[in-house]
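Below are the chains, spelled out letter by letter.
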Amino acid sequence: MKRKFAFLAALMMSLTMTAGCASDSDSEEEEDGSAQTLTIEDKDYYKRFKGDDISINVYNWGEYISTGADEGTLDVNAEFEKLTGIKVNYTNYATNEELYAKLKGGGTTYDVIIPSDYMISKMIKEKLIQPLDMENIPNFRYIMDNYRNLAYDPENAYSVPYTWGTVGIIYNAEEIDIPREEIDWDILWNKEYKDQILMFDNPRDAFAIAEIMLGYSLNTEDPAELKAAAEKLREQKDVVQAYVMDEVFDKMAAGEALLAPYYAGDALTILEDNEDLDFAVPKSGTNLFVDAMCIPTSAKQKEAAEMYINFMCEPDIAFANIDYICYSTPHSAAFDMLDEEVQNDPVSYPDSEFIANKTTVFVNLSDDANEMMSQLWTEMKSETANTWFVPIFLVVCILIIAFVLIRRHIKRKKDIF
Amino acid sequence: MKKLGKIYLALVLLFLYVPIFVLIVFSFNETKSSSVFSGFTLDWYKRLFNNRIIISSLVNTIIIAVAASIISTILGTLAAIGINSMKRVPKTVVMNVTNMPIINPEIVTGVSLMLLFSFFAARMTLEFGFVTLLIAHITFDVPYVILSVMPKFRQMDPHLYEAAQDLGCSPLKAFRKVVLPEIMPGVVSGFLMSFTYSLDDFVISYFTTGSTSQTLPITIYSMTRRKVSPEINALSTLIFLVVFIVLIVKNVIEVKAAKKRMSGGGF
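Residues numbered from 1 in each chain as written. Chains lettered and ligands numbered in written order. Predicted model: local features only at pLDDT ≥ 70, side-chain atom pairs only at ≥ 80, totals over all residues. Heavy atoms only, no water.

The subject of this paragraph is the overall build of chain B. In terms of regular secondary structure, chain B is built from eleven helices and zero strands. Ordered by position from N to C terminus, the α and β elements of chain B give α-α-α-α-α-α-α-α-α-α-α. On C-alpha atoms alone, chain B measures out to a radius of gyration of 23 Å, which is more than a quarter above the 18 Å that the 2.2 N^0.38 rule sets for 267 residues. Principal axes of the C-alpha set define a box for chain B whose edges measure 70 × 65 × 40 Å. Counting only residues that meet the buried cut, chain B has 37% of its 267 residues in that class. The contacts of chain B with a sequence gap of at least 6 include a subset with a gap of at least 24, amounting to 69%. In the form shown here, chain B has an accessible surface area of approximately 15,300 Å², with 72% of it arising from carbon and sulfur atoms. The averaged location of the 13 negative side-chain charges in chain B is 6 Å from the averaged location of its 24 positive side-chain charges. (Helix = DSSP H or I, 4+ residues; strand = E, 2+ residues; numbered from the N terminus. Rg over C-alpha atoms; globule rule 2.2 N^0.38 Å. Buried < 20%, exposed > 50% of the residue type's maximum accessible area, 1.4 Å probe, protein only. Contact = heavy atoms within 4.5 Å. Areas by Shrake-Rupley, 256 points an atom, 1.4 Å probe, with all protein chains shown as cover. Lys, Arg positive; Asp, Glu negative; His and termini not counted. Charge placed at Lys NZ, Arg CZ, Asp CG, Glu CD.)

Now the structure itself:
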């Protein structure tokens, strides 16, 4: 029995080992026409640390870099390691709050992180990230003007934009007969589509939609305005099928709902799965989200980290990444390399005037405002029509337990005699 | 009535296994969707083996699980031997302490270990990494081993050990030849349980992992912001197959051994 166990364990381990070998051999570039190739202008810049045997810790979102998994695409981390001789330890997180908790907790050091807009402004305030030496990141020149000096990092000293996108409404164009240009946020409150509407399951994004409808700033901290926004969300509760985040992919693809607000890049993926769907960015305005690369204050290899950020801004690399992620790129050269179809797609690249005038980036709110928002959100979500459900359920449980205990007691008494 | 019982059993098994079955089916799906099956393809399996991040986190997970379960089995078995020969009061106290990591919610264990390691990280050059992760896993694995081995001691005749020594064995030899074979089933099941818990653990690993590597559950969780790729379905199918085959083989061997015991070879 032991021998068979050992054999099977060895078999499984050898399977994973050969898998490792397979991936190693595939990371070499393929020289056929459709494969992405990597041309670097200033190779000397990258050779500075070669042979020094250093490594950097990169902490990024999941599925947010080109891994070379698709035929002919680049494995960004492997290319970086090959070019510079610096080893990349690549780990992932799922939310900004996770990233924040890890940085704050200490004990783990990262060299490059990629937080979202509001988290960057929070980290700047708390001195968790350090200013970048832009002389070490010459490729910053490729970043388009629209995405420089944004509200969360006004002097653009701490971050280099990586991706951006807008929030819009995914809707079923077959069932909903309204032309795309006329769709606005109030459609999510429309009783005609009761129980066919999905909604964001996080306070910031949900409040943002309510705030746009009421004409408030997306970064308002005024308690009266926050309460009004919460009231608006409460009004919507009746028609909402479910509050979801990534469940929206499966629900919309399967046609379980007709309307869902979501991020533009992910909407593209959903639109691929279901031909009836379309994506509208409401004319009255929306949230612009930006993910940008930063270096934590506790980073051990600042120059190597800046080299990595510069590498991510190489045209071929930025293109490879954005091609994989399907979000929108702030990189002018990468944008030029995209298919014309993608460049003109209003889902990924709305009119730049619209972006400049009608979209707002999140900044971090004060602690009081955050607390109030989260409290209002919890109250709104947990309100139910039957407030008697939980107390009655508790009473029933207690009665059952009491009943069982009394029966056991009686039985025991009977057995003793 | 018996028929009803069988139907109920079938329903329960269905409830347990249909999600796994759906997972397996969608690992062959042509698109990334988990709700609409569009076509059959083995693509995701090929992509899985080329995905450095998933494979490296799988290898990390297996290494941690194997290392943690081996160390915790040794520690747990030694502990059980010691606890077995304690008097009643110290025994109860130690067993209660042992039960704490099991009863505690994982998040409590995870956060408290993280705080402990942070405390030491501030005072010595301790970085979160393989060591902290391993220590955390051993911490919650050892109780399971102890709980698996202790009943075997209760089942064993305590005088066998003394009898072996009377017949001339040194204490160590007596342990090896008499006690160990008796408790071996408990040790093996403790090992398997701690291996399973380590392989599967998310919460505690999440709080104690370092910045240079991550385990598979953490990788999968980080994919949830975008869509979880069907490569994970493919990986899960493979893991399920391996476990399934191991269990079948184990059961077949046990049945054969039982038959052998009953038919021949008895004293």
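Now, onward.
Another point: the side chain of Thr 132 of chain B. Residue and element names in this part refer to chain B. Relative to the assigned elements, Thr 132 resides in helix H6 (residues 130-155). A polar side-chain atom of Thr 132 sits 2.9 Å from the main-chain carbonyl oxygen of Thr 208. With residues up to four places along the chain from it excluded, the contact list for Thr 132 reads Phe 117, Leu 126, Glu 127 and Thr 208. (Polar contact = N/O pair within 3.5 Å; in protein donor to acceptor, adjacent residues only side chain to side chain.)

So, on to helix H8 (residues 171-200) of chain B. Residue and element names in this part refer to chain B. Along H8, the sharpest change in direction is near 55° and occurs at Leu 180; proline Pro 181 comes one to four residues later. Looking only at H8, the buried set comprises Ala 174, Val 178, Val 179, Ile 183, Gly 186, Val 187, Gly 190, Ser 194 and Ser 198. Close packing links the buried residues of H8 with helix H3 (52-84), H6 and helix H7 (159-166). (Bend = angle between axes of the 7 residues up to and from the residue.)

Okay, the sheet that holds strand S3 (residues 112-113) of chain A next. All names here are of chain A. If you walk across this open sheet you meet the three strands as S2-S1-S3, and the pairing is parallel. Edge strands, defined here as strands with exactly one partner in the open sheet, are strand S2 (87-93) and S3. The pairing of strand S1 (residues 55-61) with S3 spans two bridges and is parallel. When the sheet's bridge partners are listed, Val 58 is paired in S3 with Val 112. The strands touched by helix H4 (residues 96-105) are S1, S2 and S3; relative to S1, the strand with the most contacts, the crossing angle is about 145°. (Pairing = 2+ DSSP bridges. Axes fitted to C-alpha atoms, helices over the stretch in contact; angles between N-to-C directions.)

On to the packing of aromatic side chains. All names here are of chain A. Following the criterion strictly, the structure yields 31 aromatic pairs over all chains and no others. Ring geometry for Phe 80 against Tyr 308: centres 4.9 Å apart, planes inclined by 85°, an arrangement best described as edge-to-face. Of this pair, Phe 80 sits in helix H3 (residues 76-84) while Tyr 308 is found in helix H10 (residues 302-312), placing the two residues 228 residues apart along the sequence. You'll find Phe 80 and Tyr 308 in the same group, each marked buried. One aromatic cluster in this structure is built from Tyr 59, Trp 61, Tyr 64, Tyr 93, Tyr 110, Tyr 162, Phe 200, Phe 249, Tyr 262, Tyr 263, Phe 289 and Tyr 327. Over the ring of Tyr 100 we find Lys 122; its NZ or CZ atom is 4.3 Å from the centre of that ring. (Phe/Tyr/Trp six-rings, centres within 6.5 Å; stacked < 30°, edge-to-face > 60°. Lys NZ or Arg CZ within 6 Å of the ring centre and 35° of its normal.)

We now examine the interface of chain B and chain A. Between chain B and chain A, the residue contacts involve 44 residues of the former and 52 residues of the latter. Carbon and sulfur atoms make up 59% of the surface buried where chain B meets chain A, a total of about 4,500 Å² over both sides. The largest share of the area that chain B buries against chain A comes from Arg 52, Arg 225 and Arg 226 of chain B, three residues that together contribute 20% of it. One can count three salt bridges joining chain B with chain A. For Asp 291 of chain A, the salt bridge is made with Arg 225 of chain B, and the minimal N-O distance between the two is 3.4 Å. Connecting chain B to chain A are seven residue pairs in polar contact (both at pLDDT 80 or more). The element that contributes the greatest number of residues to the side of chain B that touches chain A is helix H11 (residues 230-263) of chain B, accounting for seven residues. Residue classes in the side of chain B that touches chain A are distributed as 19 nonpolar, 16 polar and nine charged. (Buried area = accessible area lost by both parts, 1.4 Å probe. Salt bridge = Lys/Arg side-chain N within 4 Å of Asp/Glu carboxyl O. Nonpolar A, V, L, I, M, F, W, Y, C, P; charged D, E, K, R; others polar.)

This brings us to the pattern of salt bridges. Side-chain pairs of opposite charge can arise where the charged atoms are in close proximity. This model, assessed by the stated rule, comprises 16 salt bridges over all chains. Glu 81 of chain A is paired through a salt bridge with Arg 52 of chain B; the nearest N and O atoms lie 3.8 Å apart. Here Glu 81 of chain A is found in helix H3, whereas its partner Arg 52 of chain B is found in helix H3 on a different chain. Taking the relative accessible area as the measure of exposure, Glu 81 of chain A reaches 23% and is therefore partly exposed. Residue classification places Arg 52 of chain B among the partly exposed residues on the basis of a relative accessible area of 29%. Residue Glu 231 of chain B is joined to Arg 47 of chain B by a salt bridge in which the shortest nitrogen-to-oxygen separation is 3.0 Å.

Residue and element names in this part refer to chain B. Following both chains from N to C, one finds H3 and H8 inclined at 140°, their axes separated by 8 Å at the closest point. With respect to the hand of their crossing, H3 and H8 are arranged in right-handed fashion. Contacts between H3 and H8 pair Thr 61, Ile 62, Ala 65, Val 66, Ala 68, Ser 69, Ile 70, Ser 72, Thr 73, Thr 77 and Ile 81 from the former with Phe 175, Ile 183, Val 187, Phe 191, Ser 194, Phe 195, Ser 198 and Leu 199 from the latter. Taken together, the residues of the contact of H3 with H8 break down into twelve nonpolar, seven polar and no charged. (Left-handed = near helix turned anticlockwise from the far one by under 90°.)

Right, let's talk about the environment of Phe 200 of chain A for a bit. Residue and element names in this part refer to chain A. Summarising the element assignment, Phe 200 is placed in strand S6 (residues 197-200). Residue classification places Phe 200 among the buried positions, given a relative accessible area of 1%. Note: C-alpha distance between Phe 200 and Lys 87 (113 residues apart in sequence) is 38 Å. Those residues in contact with Phe 200 that sit more than four places away from it in its chain are Val 167, Asp 205, Ala 206, Ile 209, Tyr 243, Val 244, Met 245, Pro 261, Tyr 262, Tyr 263 and Trp 377.

A rise of 1.5 Å per residue sets the reference length of helix H16 (residues 389-416) of chain A, with its 28 residues, at 40 Å; its end C-alpha atoms lie 41 Å apart and thus fit the reference within 8%. Little of H16 of chain A sits out of view: just zero of its 28 residues are buried. (Expected span 1.5 Å × (residues − 1).)

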